Structure formats: structure tokens, C-alpha cells
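# Remarks on the overall topology
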Amino acid sequence: MSELLQALAETLEQRKSAAPESSYVASLYAKGLNKILEKVGEEATEVILAAKDAETSGAKDAVTQEMADLWFHCMICLAHLNLSPDDVLKVLAERQGLSGLVEKASRTPSN
Ligand SMILES: N=c1c2ncn([C@@H]3O[C@H](COP(=O)(O)OP(=O)(O)OP(=O)(O)O)[C@@H](O)[C@H]3O)c2ncn1[C@@H]1O[C@H](COP(=O)(O)O)[C@@H](O)[C@H]1O
């Protein structure tokens, strides 16, 4: 895992014992999974809007800003469920080199 993701994952773990008034992450944990998922959905929508806009206007900064918000809130979701970015990276590593088309064909009944 990148050092940055590792450091952020560690901070997110530490925030489990922080006071909600002192930390944005702790305040989301305190509000619970539904609020965390609401933020994930909100940020995903913002990524979509920024990407659509970037395609026509060329303004790509908003895409990376919104994607950072999305990744951040996905990491809070993982931490809340006691999962780590490494667990996701392991899944991607297992899929590495396996074409999505080949994988899809292996589970689609042929007719
Ligand atoms: N990477 C981030 C990060 N990215 C985005 N955000 C916050 O995520 C929130 C995103 O919410 P929105 O954009 O929807 O704005 P908002 O209107 O303020 O949010 P709502 O009131 O609607 O919930 C903002 O408050 C951002 O400041 C982040 N807050 C924290 N971090 C990292 O998390 C660490 C721990 O943060 P604290 O728990 O606050 O100490 C920090 O040191 C950073 O490394």
C-alpha cells in the first residue's frame, strides 16, 4: 500500500477513539454507517458531475478534488467496517492480468 494510504488508514483507526467534536472522521463514525454511505454517494455523484464537465470544458482539477473526497470517504467506510485499503488492493492483485471480458465470459451461460 502507498505510504500515504497507509498513514491515512492509521489516522482513521486512531480517530475511532477521538471525540466527535474534535475530528471530522470521528463525527462521521459517531453518526454511523448510513451517514458514511450517504457521504460516499454524495461524493460519487460529485465525481460524475465533475468528470462530465471536464470532458467538455477540460477542467480536470475538479475531477481529482472530487475523486480525493470519494476515496477518502470510501476509506472511512472501510475503516468503520474494520477493513483496510490492503483488503481492496488484494482483490485487485488477484484480478491483475485477468481480462474483464474473459472473466465475464466465464460466468455468462452461452446460448
Ligand atoms: N483527507 C481528508 C479529507 N478530505 C476531505 N475532508 C473533509 O470532508 C468533508 C467533505 O464534506 P463536503 O465536501 O460534503 O463538505 P461539507 O459541507 O463540509 O460536509 P457535510 O457538512 O455535508 O458533511 C469536508 O469537511 C472536508 O474538509 C477531509 N477530512 C480529513 N482528511 C484526512 O483525515 C485526517 C483526519 O481528519 P479529522 O478526523 O478531521 O482530524 C486529516 O488529517 C486528513 O488527512
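These numbers come from a predicted model, not from an experiment. (Residues numbered from 1 in each chain as written. Predicted model: local features only at pLDDT ≥ 70, side-chain atom pairs only at ≥ 80, totals over all residues. Heavy atoms only, no water.)

### What to know about the overall build of the chain
When helices and strands are tallied, the chain shows 6 helices and 0 strands. The N-to-C order of helical and strand elements in the chain reads α-α-α-α-α-α. The globule rule puts the C-alpha radius of gyration for 111 residues at 13 Å, and the 17 Å found for the chain is more than 25% above it. Oriented by its inertia axes, the alpha-carbon framework of the chain measures out at about 55 × 35 × 30 Å. Put simply, the chain has 111 residues, and 23% of those count as buried. Carbon and sulfur atoms form 58% of the exposed surface of the chain, whose accessible area is close to 7,900 Å². (Helix = DSSP H or I, 4+ residues; strand = E, 2+ residues; numbered from the N terminus. Rg over C-alpha atoms; globule rule 2.2 N^0.38 Å. Buried < 20%, exposed > 50% of the residue type's maximum accessible area, 1.4 Å probe, protein only. Areas by Shrake-Rupley, 256 points an atom, 1.4 Å probe, with all protein chains shown as cover.)

### With respect to the side chain of lysine 39
Within the fold, lysine 39 resides in helix H3 (residues 33-57). Apart from the residues lying within four places of it in its own chain, the contact partners of lysine 39 are Tyr24, Leu28 and His73. (Contact = heavy atoms within 4.5 Å.)

### Points about the confidence of the model for the chain
Put simply, the chain has an average pLDDT of 94, and 97% of its residues get 70 or more. As scored by the predictor, the complex reaches a pTM of 0.92 and an ipTM of 0.92. (pLDDT = per-residue confidence, 0-100.)

### A closer look at a nonpolar patch on the surface
Taken together, the side chains of Val88, Leu89 and Leu92 define a hydrophobic patch exposed on the protein surface, amounting to about 230 Å² of accessible area. With respect to the helices, strands and loops of the structure, leucine 89 is situated in helix H5 (residues 85-95). (Patch = residues over 30% accessible without salt bridge, like charges linked within 9 Å, V, L, I, M, F, W, Y side chains within 5 Å. Salt bridge = Lys/Arg side-chain N within 4 Å of Asp/Glu carboxyl O.)

### Quick word on the pattern of salt bridges
Note that side chains of opposite charge can pair when their charged atoms are close. Taken as a whole and assessed by the stated rule, the structure comprises 5 salt bridges. Across the pair glutamate 38 and lysine 35 runs a salt bridge whose closest N-O atoms are separated by 3.2 Å. Pair noted here: glutamate 38 and lysine 35 are both in helix H3, with a separation of 3 residues, about one helical turn. The residue glutamate 42 makes a salt bridge to lysine 39 at a minimum N-O spacing of 3.1 Å. Taken together, the residues glutamate 42 and lysine 39, both in helix H3 and 3 residues apart, mark about one turn of the helix.

### Description of the nonpolar core
Among the nonpolar cores identified, the biggest contains 13 residues, and Leu12, Val25, Tyr29, Ile36 and Ile76 are the most heavily contacted of them. For this core, the secondary-structure elements that each account for two or more residues are helix H1 (3-14), helix H2 (24-31), H3 and helix H4 (61-80). At 5 residues, H4 tops the list of elements feeding residues into this core. Those residues in contact with leucine 12 that sit more than four places away from it in its chain are Val25, Tyr29, Phe72, Met75, Ile76 and Ala79. (Core = buried A, V, L, I, M, F, W, Y, C linked by side-chain atoms within 4.5 Å.)

### Observations concerning the site of the ligand
Around the ligand, the structure places Leu8, Thr11, Arg15, Ser23, Tyr24, Val25, Lys39, Glu42, Glu43, Asp69, Phe72 and His73. A distance of 2.8 Å separates an oxygen atom of the ligand from a polar atom in the backbone of tyrosine 24. Burial of the ligand by the protein chains amounts to 50% of its free accessible area of 830 Å². For the shell around the ligand, the secondary structure elements donating two or more residues are H1, H2, H3 and H4. Taken together, the residues of the shell around the ligand break down into 4 nonpolar, 3 polar and 5 charged. (Near = heavy atom within 4 Å. Polar contact = N/O pair within 3.5 Å; in protein donor to acceptor, adjacent residues only side chain to side chain. Nonpolar A, V, L, I, M, F, W, Y, C, P; charged D, E, K, R; others polar.)

### Here we look at H3
For H3, with 25 residues, the first-to-last C-alpha span of 36 Å sits near the 36 Å given by 1.5 Å per residue. Within the sequence span of H3, burial applies to Ile36, Lys39, Val40, Glu43, Val47, Ala50 and Ala54. Among the residues trailing H3, glycine 58 stands out with phi positive, at a value near 80°. (Expected span 1.5 Å × (residues − 1).)

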